[in-house]
Amino acid sequence: MTVKRTTRAAPRRRSVILIAGCVPAGLIVALALVSFFWLPYPLDDTSGGRLSPPGASHLLGTDKLGRDLLSQVMIGARIALESGAGAVAIGGVLGVATGLAAGFANRWVDDTFSALLDVLIAFPTLLLAMLVVAAQSASLGSAIVAIGLAMTAVVARLTRILVKRVLAQDYITAARTSGTSWPRVITGHVLPNIWPTLVVNLALQFGLAVLAEASLSFLGLGAPPPNASWGRMLQEAQATVSTAPYGAVAPGVLLVALVVGVNLIADGLRDTLDPTRRRSS
Amino acid sequence: MSLLDVTGLSVVTDSGRALVSDLSFTVEQGGRLGLIGESGSGKSLTALAVMGLLPPGLTASGSVVLDAPGLGRTEMVGAAESRLRPLRGRGAGVVFQEPLTALDPLMRVGRQIAEPLRRHRGLRGAELRRAVAAAIDRVQLPEPDRIARAFPHEISGGQRQRVALAMALAAEPALLIADEPTTALDVTVQAEVLGLLGELIAEKDMALLFVSHDLAVVSGVTDELVVLKDGRAVESGRTADLLHAPRQPYTRSLVESARTFENALERITR
Ligand SMILES: Nc1ncnc2c1ncn2[C@@H]1O[C@H](COP(=O)(O)OP(=O)(O)OP(=O)(O)O)[C@@H](O)[C@H]1O
Ligand SMILES: [Mg+2]
């Protein structure tokens, strides 16, 4: 009976954080989805007049070329979500796979691998991204690949540590003394015990990837114009920020809202996924 | 022929340090042997070596022959994983020292007990569920339905150790290896679990290899003893004889400290 009570009472508290995170993130997802079907103005429409303040015809005002800021922000939402999801997909798949392999490898392979990871992780994401972009060209795709690769090292290292820690646990030895095969130990005990931490971490990495894409675009290394990444909008608004701040406010606020939202979701997930925290919270 | 025959078992690290040296003992069908020694004397490593499950970086040499009825004679040292797996759980099962860490924190207790039942006895569906309930019932746990649905952190330490016992017994091993199964429990719970262990062993005519540093505990559940010190056997014989007439100074000191402890307890409880 007590079990029921604790598991019923706890979700209500947890969901507060999850919902608090889902609201801003959901709004931005909605903006991005709508942008596929409808935009207030096409991106290259410069009919709005330069730097008009927010008003009835341009809800968020226009930029210095007269383009509608709301339309740009909507496309920017799409780009931000695409880069977060793309980078997490690349970093998650590659990182978890290599981390798992290293976690089970013999000592020699494992030592080499972790030394390699330490070097990769010390390498700044932006520098790596610049190299990738230089090797290809400035596009959203190469920015995502660069961010995803940088993330791979971080995720691989975390996965490796998690696997090692779980493998050292008595319940793994206990499972093996009862004759459980390795594949079943991995699917039945190792993966279930590492994935809550991994999921939470990937959610945090999503936020970092969004920020990294904005930084790359700010430096001119992201999606080329007229695609409006929030980072590029911030960069373009920089020159006129003292006279017409609207251009910087919208992308800035949305960027922060998305990252905060995703981090809150990560926190909410952390409590939801771990039954031992479920009770204590 | 003995159920378990250990001859000249040694365990060394990669760097060459000997952790267990030239250890020999036998456990007969239905016999009860105690392995006693202070912390770090190599008791747990011996238990793991018997299962062929030493941690990476440690190597066993010598011979460990397990001859479980229906499973054939097997040399466990150096055997291939595929040869050992069917023996683990059915030839010999293990209960570990620390009941909390020996259960997967994220898996419901019922599923953890079901796992060996499914693998070794081939049970499925409703039959499996009944067997899980019976296994929980057998270790005298209350509210089997609740326990089966609980996570390990939602039941008490004594209950966890009963669950671990149920898991080890699920496949009905010929030999039960108990590695200090009651050390983490308080004295009354310890006595209950020991009593239960004794009953279950007798009921199924199982053999027992009982590992402990606590002479008082070991003497209650075993007929024979091997005394370990720094990975070597210093003395062995019938439990009653060793208790009354320890030959080696080390054994004598173990007996004396157990006695002092007991006297102190008596003085407190009186
Ligand atoms: N993986 C390992 N690598 C190297 N040395 C180890 C390893 N595991 C255990 N040892 C060492 O082997 C010795 C025996 O360890 P073991 O766990 O068998 O002790 P024990 O008799 O079970 O003690 P306790 O009563 O404290 O459980 C100890 O000195 C320990 O430090
Ligand atoms: Mg031990």
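Residues numbered from 1 in each chain as written. Chains lettered and ligands numbered in written order. Predicted model: local features only at pLDDT ≥ 70, side-chain atom pairs only at ≥ 80, totals over all residues. Heavy atoms only, no water.

## Things to note about the overall build of chain A
Thought 1: Each helix and strand counted, chain A has ten helices and zero strands in total.
Thought 2: The order of helices and strands in chain A, counted from the N terminus, is α-α-α-α-α-α-α-α-α-α.
Thought 3: Dimensions of chain A, computed from the C-alpha atoms along their principal axes, are close to 75 × 55 × 30 Å.
Thought 4: Out of the 281 residues belonging to chain A, those deemed buried represent 45%.
Thought 5: Intrachain contacts of chain A at a sequence separation of at least 6 include 72% that bridge at least 24 residues.
Thought 6: By element, 69% of the accessible surface of chain A is carried by carbon and sulfur atoms, the whole surface being about 13,300 Å².
Thought 7: Here chain A carries 22 positive and 14 negative side-chain charges, and the mean point of each set is 14 Å from the other. (Helix = DSSP H or I, 4+ residues; strand = E, 2+ residues; numbered from the N terminus. Buried < 20%, exposed > 50% of the residue type's maximum accessible area, 1.4 Å probe, protein only. Contact = heavy atoms within 4.5 Å. Areas by Shrake-Rupley, 256 points an atom, 1.4 Å probe, with all protein chains shown as cover. Lys, Arg positive; Asp, Glu negative; His and termini not counted. Charge placed at Lys NZ, Arg CZ, Asp CG, Glu CD.)

## Focus on the interface of chain B and chain A
Thought 1: With 26 residues of chain B at the contact, the number on the chain A side is 25 residues.
Thought 2: Interface area for chain B against chain A, summed over the two sides, is near 2,400 Å², with a carbon-plus-sulfur share of 56%.
Thought 3: With its nearest N and O atoms 2.9 Å apart, the salt bridge here joins A:Arg176 to B:Glu81.
Thought 4: Counting across the interface, chain B meets chain A through eleven residue pairs in polar contact (both at pLDDT 80 or more).
Thought 5: Mapped by element, the contributors of at least two residues to the side of chain B that touches chain A are α1 (43–51), β6 (92–95) and α3 (109–121) of chain B.
Thought 6: Its residues placed into classes, the side of chain B that touches chain A shows twelve nonpolar, four polar and ten charged. (Buried area = accessible area lost by both parts, 1.4 Å probe. Salt bridge = Lys/Arg side-chain N within 4 Å of Asp/Glu carboxyl O. Polar contact = N/O pair within 3.5 Å; in protein donor to acceptor, adjacent residues only side chain to side chain. Nonpolar A, V, L, I, M, F, W, Y, C, P; charged D, E, K, R; others polar.)

## Details of the site of ligand 1
All names here are of chain B.
Thought 1: In the vicinity of ligand 1, 14 residues are found, and the nearest of them are Ser-39, Gly-40, Lys-43, Ser-44 and Glu-180.
Thought 2: A distance of 2.5 Å is found between an oxygen atom of ligand 1 and a side-chain nitrogen or oxygen belonging to Ser-39.
Thought 3: One of the backbone nitrogen or oxygen atoms of Gly-42 is found 3.1 Å away from an oxygen atom of ligand 1.
Thought 4: Calculation on ligand 1 without its partners gives an accessible area of 640 Å², and the protein chains cover 65% of this total.
Thought 5: Here the shell around ligand 1 gets three residues from one element, more than from any other, and that element is α1. (Near = heavy atom within 4 Å.)

## Quick look at the packing of aromatic side chains
Residues and elements named next belong to chain A.
Thought 1: In this structure the tally under the stated criterion is one aromatic pair over all chains.
Thought 2: With a centroid separation of 6.0 Å and 80° between ring planes, the pair formed by Phe-104 and Trp-182 is classed as edge-to-face. Linking Phe-104 in helix α2 (residues 69–104) with Trp-182 in helix α7 (residues 182–218), this pair joins segments that are 78 residues apart in sequence.
Thought 3: For Trp-182, a relative accessible area of 31% translates into the label partly exposed.
Thought 4: The ring centre of Phe-36 lies 4.1 Å from the NZ or CZ of Arg-78, which sits over that ring. (Phe/Tyr/Trp six-rings, centres within 6.5 Å; stacked < 30°, edge-to-face > 60°. Lys NZ or Arg CZ within 6 Å of the ring centre and 35° of its normal.)

## A short note on the layout of surface pockets
Thought 1: Put simply, the largest pocket is a space of about 880 Å³.
Thought 2: Lining the largest pocket are 30 residues, with A:Leu167, A:Arg176, B:Leu54, B:Pro55 and B:Pro56 positioned closest to its centre.
Thought 3: Among the elements of the structure, α2, α3 (107–122), α5 (140–167) and α6 (170–177) of chain A together with α1 of chain B are those that each provide at least two residues to the lining of the largest pocket.
Thought 4: Element by element, the count of residues in the lining of the largest pocket is highest for α6(A), at four residues.
Thought 5: Taken as a whole, the second largest pocket encloses approximately 460 Å³ of empty space.
Thought 6: Lining the second largest pocket are 19 residues, and of these A:Arg165, A:Asn193, A:Pro196, A:Thr197 and A:Asp274 lie nearest its centre.
Thought 7: For the lining of the second largest pocket, the secondary structure elements donating two or more residues are α5, α7 and α10 (275–280) of chain A.
Thought 8: In terms of residues, the lining of the second largest pocket owes the most to one element, α7(A), which gives seven residues.
Thought 9: Within the lining of the second largest pocket, the residues separate by chemical class into ten nonpolar, five polar and four charged. (1 Å grid on protein atoms, 1.4 Å probe; cavity = no way out; pocket = protein on both sides within 12 Å on 5 of 7 lines; lining within 4 Å. Points joined across faces, edges and corners; volume = space filled by probe spheres on them.)

## Observations concerning the confidence of the model for chain B
Detailed reading of the predicted coordinates is not advisable wherever pLDDT is low.
Thought 1: For chain B, mean pLDDT is 88; residues scoring 70 or higher make up 98% of the total.
Thought 2: Interface confidence for the predicted complex, expressed as ipTM, amounts to 0.86; the pTM equals 0.83. (pLDDT = per-residue confidence, 0-100.)

## Quick look at the pairing of strand β10 (residues 232–238) of chain B
Residue and element names in this part refer to chain B.
Thought 1: Bridge analysis of strand β9 (residues 224–229) against β10 gives six bridges, and the strand direction is antiparallel. Each residue of the ladder has a partner; that of Val-226, found in β10, is Ser-236.
Thought 2: A loop of two residues connects β9 with β10, the two strands running antiparallel in sequence, and Asp-230 in this loop sits at a positive phi of about 50°. (Pairing = 2+ DSSP bridges.)

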